[in-house]
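The primary structure of each chain is shown beneath.
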There are 2 protein chains.
Amino acid sequence: MSERLVIIGGVAAGMSAATRARRTNAGLEIVVYEKSGYVSYGACGFPYFIKGEVANIDDLLIRTPAQFAAQNIRALVRHEVLAIDPAAHTVEVRNLATGQSFTDHWDKLIVASGGVVVPPPLPGIDLNGVFTLRTVEDALAIKNWIADKQPQRAVIIGGGYIGLELAEAFRAHGLAVTIIEAQPQILPTIDAEMAVHIEAELKAHDVELYLGHKVTALEGDESLRRIIGLTAAKLNRQDAAGAVAAATRTARVRAVVAGGAAIPAELVIIGTGTRPAIGFAAAAGIKLGESGAIAVDNRQQTNIPGIFAVGGACEAFHLVAGRPVLLPLAPTASKQGRVAGSNAAGGSARFAGMVGTAAVKVFDLHVAQTGLTEKYARYLGFEPDHAIINATGRAHYMPGESPISVKLVFEKGSQRLLGAQIVGRDGVAKRIDVLAAALRAGWTTYDLAELDLSYAPPFSSVWDPILVAANVANR
Amino acid sequence: MSERLVIIGGVAAGMSAATRARRTNAGLEIVVYEKSGYVSYGACGFPYFIKGEVANIDDLLIRTPAQFAAQNIRALVRHEVLAIDPAAHTVEVRNLATGQSFTDHWDKLIVASGGVVVPPPLPGIDLNGVFTLRTVEDALAIKNWIADKQPQRAVIIGGGYIGLELAEAFRAHGLAVTIIEAQPQILPTIDAEMAVHIEAELKAHDVELYLGHKVTALEGDESLRRIIGLTAAKLNRQDAAGAVAAATRTARVRAVVAGGAAIPAELVIIGTGTRPAIGFAAAAGIKLGESGAIAVDNRQQTNIPGIFAVGGACEAFHLVAGRPVLLPLAPTASKQGRVAGSNAAGGSARFAGMVGTAAVKVFDLHVAQTGLTEKYARYLGFEPDHAIINATGRAHYMPGESPISVKLVFEKGSQRLLGAQIVGRDGVAKRIDVLAAALRAGWTTYDLAELDLSYAPPFSSVWDPILVAANVANR
């Protein structure tokens with residue numbers, strides 16, 4: 001009898017694992033349970049679908065359950081795994097379409113359940129017009145809300161990657177956009193002096209910023225509330241509470257309250273980040289790391305033999321931090337998926353670690369980072385120094401300005417590179433990759449200055465901005 | 001009495017050396033002799049000046065002799081160094097403006113005389129309208145020729161970097177353009193299967209290609225020649241020869257003969273590459289390497305203590321080839337300039353070697369390479385294998401196609417990366433830099449596949465094309 005691999009979660013990491021497992025072992029039974037209605041989708045493309053740059057949601061669906069079936073991978077959507085029994089080697093699954101639960105057996109299990117947005121417990125958080133963005137259903141709901149309700153103003157709670165990309169999407173639809181960020185800077189995952197470039201770009205595109213402000217409440221449709229309130233007064237107390245709750249459920253959001261001000265909005269995004277969607281893990285005795293995500297070894301195995309975890313559900317070893325971290329990024333998730341898929345199918349693969357490389361486009365500004373920010377390096381106990389340079393991304397005499405700012409973070413004394421951030425209008429994301437390679441190599445800023453980087457006037461100056469920054473660091 | 005540093009050649013490498021020497025030693029006397037009329041110019045920008053994208057030649061002049069004088073660096077233009085006397089520590093210099101020669105003393109000498117185009121000894125090579133492109137004077141002459149003579153057709157002899165960039169420049173002026181290349185492919189410094197992309201791009205922009213054809217002659221103004229010939233017949237034999245020679249000097253080019261065909265052209269570029277401009281080296285006892293360029297150690301010192309060489313005049317240690325090569329590229333020249341300038345001024349710097357990274361834009365196509373091509377690797381005695389992939393430079397669902405081709409060259413067995421070539425429409429030059437870093441690190445294609453490269457839909461797919469290529473190489 002062939003072995004059975006069950007995978008919890010069918011987005012990027014889960015399907016990467018499934019595909020790899022199939023390639024490794026043609027005889028393995030592979031079943032994927034996905035809670036949402038879709039598998040194998042490019043979630044990072046949602047903002048571009050909402051913007052309208054990606055015309056059809058189908059363009060983001062990489063492969064359908066039918067296509068996986070052709071590979072003998074059974075992908076079941078709207079199936080939620082409720083519990084894992086490691087001793088019995090079973091999972092309890094609920095079919096969300098029918099409401100029925102059943103038990104399934106596994107020989108190997110991969111947890112690829114990703115992250116979930118946990119909305120802050122604020123008054124009015126359940127109002128209509130308040131969205132999170134994780135699933136295809138979320139993306140469709142936001143796009144339909146814009147089309148059907150014609151909102152004029154959007155508030156985005158949280159100035160992270162998703163928030164920035166949605167600001168661009170909403171502006172493309174002509175909405176007034178406000179971003180409220182609790183930290184005193186936009187994109188708190190980069191250092192403040194680099195974030196100012198993003199803040200300037202957002203302002204240039206008429207995005208209003210409320211930095212250092214916490215949202216305290218969301219306000220709904222007042223007229224509706226008032227009618228309900230008046231009606232409720234005529235009812236007994238218990239009925240009144242129920243009526244108000246019902247009204248709140250059907251009421252639309254009208255404003256977000258932050259710093260004492262009510263910012264009008266008919267569309268609100270909760271972009272405050274995600275937590276691992278691993279409610280079943282603790283009860284199953286799966287060990288979590290300090291970050292609260294599942295702890296794994298470099299084979300992606302958890303503390304329980306035969307149970308693996310990948311993607312946003314688990315930690316990843318950060319080569320610069322020298323420890324596992326929770327930093328859910330798609331390239332890491334895909335790599336981990338391959339490793340777990342291979343190992344669960346009898347192969348022998350190892351995840352080599354990551355350095356936290358990430359990029360985002362904010363209107364015409366490209367932003368990328370790798371390794372540790374200066375503040376995170378300090379938090380981790382490093383003694384960081386930095387070099388920041390402003391240069392042009394191509395030869396200075398070429399037409400069309402291409403300003404670029406590079407920040408290198410390095411260890412005082414040793415000059416070991418700890419991280420980098422680049423902001424500019426071109427050649428940013430792939431320049432950060434040179435520094436991601438440097439981090440993997442464990443290089444110093446001296447090594448960096450010696451790199452033989454390409455030069456042609458349309459692409460770079462003779463001294464690439466990376467080299468200029470390294471030379472400044474080496475002074 | 002302060003020491004005296006003489007630098008032969010005042011373009012990129014020479015002025016980089018001068019500036020570094022000044023920074024290292026404030027008391028040093030520094031004199032630069034430059035044969036042409038300009039110092040410190042961005043020669044790589046010439047095609048963009050000729051095209052008209054760079055409006056003024058002044059934009060390419062980074063610093064003037066007056067600006068160097070403010071740094072106490074004496075930069076003398078139109079001064080040619082004719083000979084070096086290592087024993088006497090002198091150079092013989094001719095002032096090309098006055099024709100007078102003089103002798104100058106040096107304590108340290110840096111040879112930064114660069115390269116020179118040696119026109120092939122073809123009939124008609126001296127015709128008017130036949131140009132090389134090395135100096136500011138050359139660039140101005142070509143641009144003036146186009147403006148004054150209104151040529152309709154250009155032939156470029158040699159399909160290397162300069163030839164490709166000039167093809168774009170000439171097409172921008174509406175000229176019909178033909179490139180004649182002796183090798184059976186365009187850009188012989190890359191592998192043939194990558195060059196086909198460039199050939200397609202050139203053809204799409206109506207550039208005619210004569211590949212695998214050698215130029216046998218250039219033909220001049222026939223009507224003028226005929227008149228001279230008739231006139232000459234009436235003179236005695238010796239006068240006739242002189243008259244024909246004079247007529248040839250003043251005659252304009254009308255065609256280039258290759259493969260038996262005469263290709264009409266009123267503008268011809270000799271883009272057949274350069275040789276080190278080091279006529280004075282052998283007589284001075286300066287040792288040359290196998291390549292014919294000056295041999296240097298990693299301090300940029302020649303066999304003669306106190307004499308350094310940099311840039312196109314000398315070899316550079318190629319980290320992948322494991323030997324010194326002659327591969328004149330601006331970033332290497334600038335780095336060598338810094339090293340020599342530092343050492344000549346009493347510092348202690350080392351050139352870490354290069355990997356031959358280069359890039360070029362050909363119309364809308366970006367082309368970049370690093371390390372060894374497959375054919376060069378084979379020539380050097382490696383046993384190379386390769387992986388070629390065609391992918392998109394951004395997420396597949398994003399609008400605007402961005403096809404990209406990546407070729408990895410690696411050593412059979414060890415999988416050690418030997419080189420890479422990338423051709424595409426975006427994100428090419430800086431992607432090759434990741435591979436340049438990998439070459440410096442001495443990585444295998446396994447290491448490459450583990451890199452944590454940035455991802456965002458506008459910039460890359462989740463699996464960056466580099467990772468896809470590495471995964472293919474690892475199968």
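Residues numbered from 1 in each chain as written. Chains lettered and ligands numbered in written order. Predicted model: local features only at pLDDT ≥ 70, side-chain atom pairs only at ≥ 80, totals over all residues.

### With respect to the overall build of chain A
Per the secondary structure count, chain A includes 13 helices and 25 strands. Compactness check: chain A gives a C-alpha radius of gyration of 24 Å against a globular reference of 23 Å for 475 residues, within 12% of the reference. With the C-alpha coordinates aligned to their principal axes, the bounding extent of chain A is approximately 75 × 65 × 40 Å. Residues counted as buried form 54% of the 475 residues belonging to chain A. Of the contacts formed within chain A by residues at least 6 apart in sequence, a portion of 66% connects residues at least 24 apart. (Helix = DSSP H or I, 4+ residues; strand = E, 2+ residues; numbered from the N terminus. Rg over C-alpha atoms; globule rule 2.2 N^0.38 Å. Buried ≥ 20, exposed ≤ 12 C-beta atoms within 10 Å, placed from the backbone. Contact = placed C-beta atoms within 7 Å.)

### Focus on the sheet that holds strand E15 (residues 261–264) of chain B
All names here are of chain B. With antiparallel pairing, three strands are arranged side by side in an open sheet as E13-E14-E15. Both edges of this open sheet fall to strand E13 (215–220) and E15, since each of them pairs with a single strand only. Strand after strand, the sheet turns through a mean of 25° between neighbouring axes, direction not considered. (Pairing = 2+ DSSP bridges. Axes fitted to C-alpha atoms, helices over the stretch in contact; angles between N-to-C directions.)

### What to know about the confidence of the model for chain A
Low pLDDT marks stretches whose predicted atomic positions should not be read closely. Taken as a whole, chain A shows an average pLDDT of 94; of its residues, 94% reach a score of 70 or greater. Taken together, the chains of this predicted complex give a pTM of 0.94 and an interface ipTM of 0.94. (pLDDT = per-residue confidence, 0-100.)

### Focus on helix H9 (residues 330–344) of chain A
Taking 1.5 Å of rise per residue, the 15 residues of H9(A) would be expected to cover 21 Å, and the 20 Å separating its terminal C-alpha atoms lies within 8% of that figure. Note on H9(A): the residue one or two positions beyond its end, Gly346(A), has a positive phi of about 100°. (Expected span 1.5 Å × (residues − 1).)

### Re the interface of chain A and chain B
At the interface, 51 residues of chain A touch 51 residues of chain B. Elements that contribute at least two residues to the side of chain A that touches chain B include exactly H9, strand E21 (358–362) and helix H11 (429–441) of chain A. Residue contributions to the side of chain A that touches chain B peak at eleven residues, all from H11(A). Among the residues forming the side of chain A that touches chain B, the class breakdown is 34 nonpolar, eight polar and nine charged. (Nonpolar A, V, L, I, M, F, W, Y, C, P; charged D, E, K, R; others polar.)

### As for helix H1 (residues 12–24) of chain B
Between its first and last C-alpha, H1(B) extends 18 Å over 13 residues, near the 18 Å set by a 1.5 Å rise per residue. Residues of H1(B) that are buried sit in contact with strand E1 (4–8), strand E2 (29–33), helix H3 (65–70), strand E3 (73–76), strand E7 (108–111) and helix H9 (330–344) of chain B.

### Considering the relation of the copies chain A and chain B
After a rotation of 180° and a shift along the axis of 0.0 Å, chain A superposes on chain B with an RMSD of 0.0 Å. Taken together, the turn and the small shift mark the pair as related by a two-fold rotation axis. Nearest to the rotation axis, the C-alpha of Val434(A) is located 2.3 Å from it, this being the minimum over chain A. Comparing interface residues between copies, 100% of those in chain A also sit at the interface in chain B, which points to an isologous, same-surface contact. (Least-squares fit on C-alpha atoms with pLDDT ≥ 70 in both.)

### Quick notes on unusual backbone geometry
Most of the time, phi is negative for any residue but glycine, and the peptide bond is trans. A positive phi angle, close to 55°, is found at Arg78(A), a residue other than glycine. For Arg78(A), the position within the fold is in the loop between strand E3 (73–77) and strand E4 (79–85). Not every positive phi belongs to a glycine, and Leu187(B) is a case in point at roughly 45°. Note on placement: Leu187(B) falls in the loop between strand E11 (176–181) and helix H6 (192–204). Owing to 23 C-beta atoms within 10 Å, Leu187(B) belongs among the buried residues under this scheme.

### Quick notes on the domain arrangement of chain A
Residues and elements named next belong to chain A. Assigned domains within chain A: domain 1 (4–114 + 277–344), domain 2 (130–270) and domain 3 (364–473). Each partner contributes to the interface: domain 2 provides eight residues, whereas domain 3 provides eleven residues. Grouping the constituent residues of the side of domain 2 that touches domain 3 by class yields three nonpolar, two polar and three charged. (Domains from an automatic or database assignment.)

### Side note on the sheet that holds E3(A)
Residues and elements named next belong to chain A. Strands sit in the order E3-E2-E1-E7-E18 across an open sheet of five strands; the sheet is parallel. Of all the strands in the sheet, just E3 and strand E18 (307–309) have a single pairing partner and so form its edges. Direction aside, neighbouring strands of the sheet carry axes that sit 15° apart on average. Pairing of strand E2 (residues 29–34) with E3 involves five bridges; the strand directions are parallel. The residue bridging valine 32 from the neighbouring strand is alanine 75, located in E3. Along the sheet, helix H1 (residues 12–24) contacts strand E1 (4–8), E2, E3 and strand E7 (108–111); its crossing angle with E2, the most-contacted strand, is approximately 175°.

### Here we look at the packing of H1(A) against H9(A)
Residues and elements named next belong to chain A. Interhelical geometry of H1 versus H9 gives an angle of 35° and a closest axis separation of 7 Å. In this structure, the crossing between H1 and H9 has a hand that is right-handed. Where H1 approaches H9, its residues Ala12, Ala13, Gly14, Ser16, Ala17, Ala18, Thr19, Arg20, Ala21 and Thr24 are matched on the opposing element by Ala330, Ala333, Ser334, Gln336, Gly337, Arg338, Ala340, Gly341, Ser342 and Ala344. Across the contact of H1 with H9, the residue classes tally to nine nonpolar, nine polar and two charged. (Left-handed = near helix turned anticlockwise from the far one by under 90°.)

### Description of the pairing of strand E10 (residues 153–157) of chain A
Along a regular strand, successive side chains alternate from one face of the sheet to the other. Residues and elements named next belong to chain A. Along E10, four of the five residues are buried, which leaves the element largely enclosed by surrounding structure. The handedness of the E10 to strand E11 (residues 176–181) crossover, carried by helix H5 (residues 161–172), is right-handed. The pairing of E10 with strand E16 (residues 267–270) spans four bridges and is parallel. Bridge pairing links isoleucine 157 to isoleucine 270 in E16. (Right-handed = clockwise from strand over helix to strand, strands pointing away.)

### Section: the packing of H11(A) against helix H11 (residues 429–441) of chain B
The N-to-C vectors of H11(A) and H11(B) enclose an angle of 15°; their axes lie 7 Å apart at closest approach. If you check the angle between H11(A) and H11(B), you find them roughly parallel. Crossing geometry of H11(A) relative to H11(B) is assigned as right-handed. Here Lys430(A), Arg431(A), Asp433(A), Val434(A), Ala437(A), Ala438(A) and Ala441(A) of H11(A) come into contact with H11(B), specifically with Lys430(B), Arg431(B), Asp433(B), Val434(B), Ala437(B), Ala438(B) and Ala441(B). Here the contact of H11(A) with H11(B) is composed, by residue class, of eight nonpolar, no polar and six charged. (Parallel < 35°, antiparallel > 145°, perpendicular 65-115°, else oblique.)

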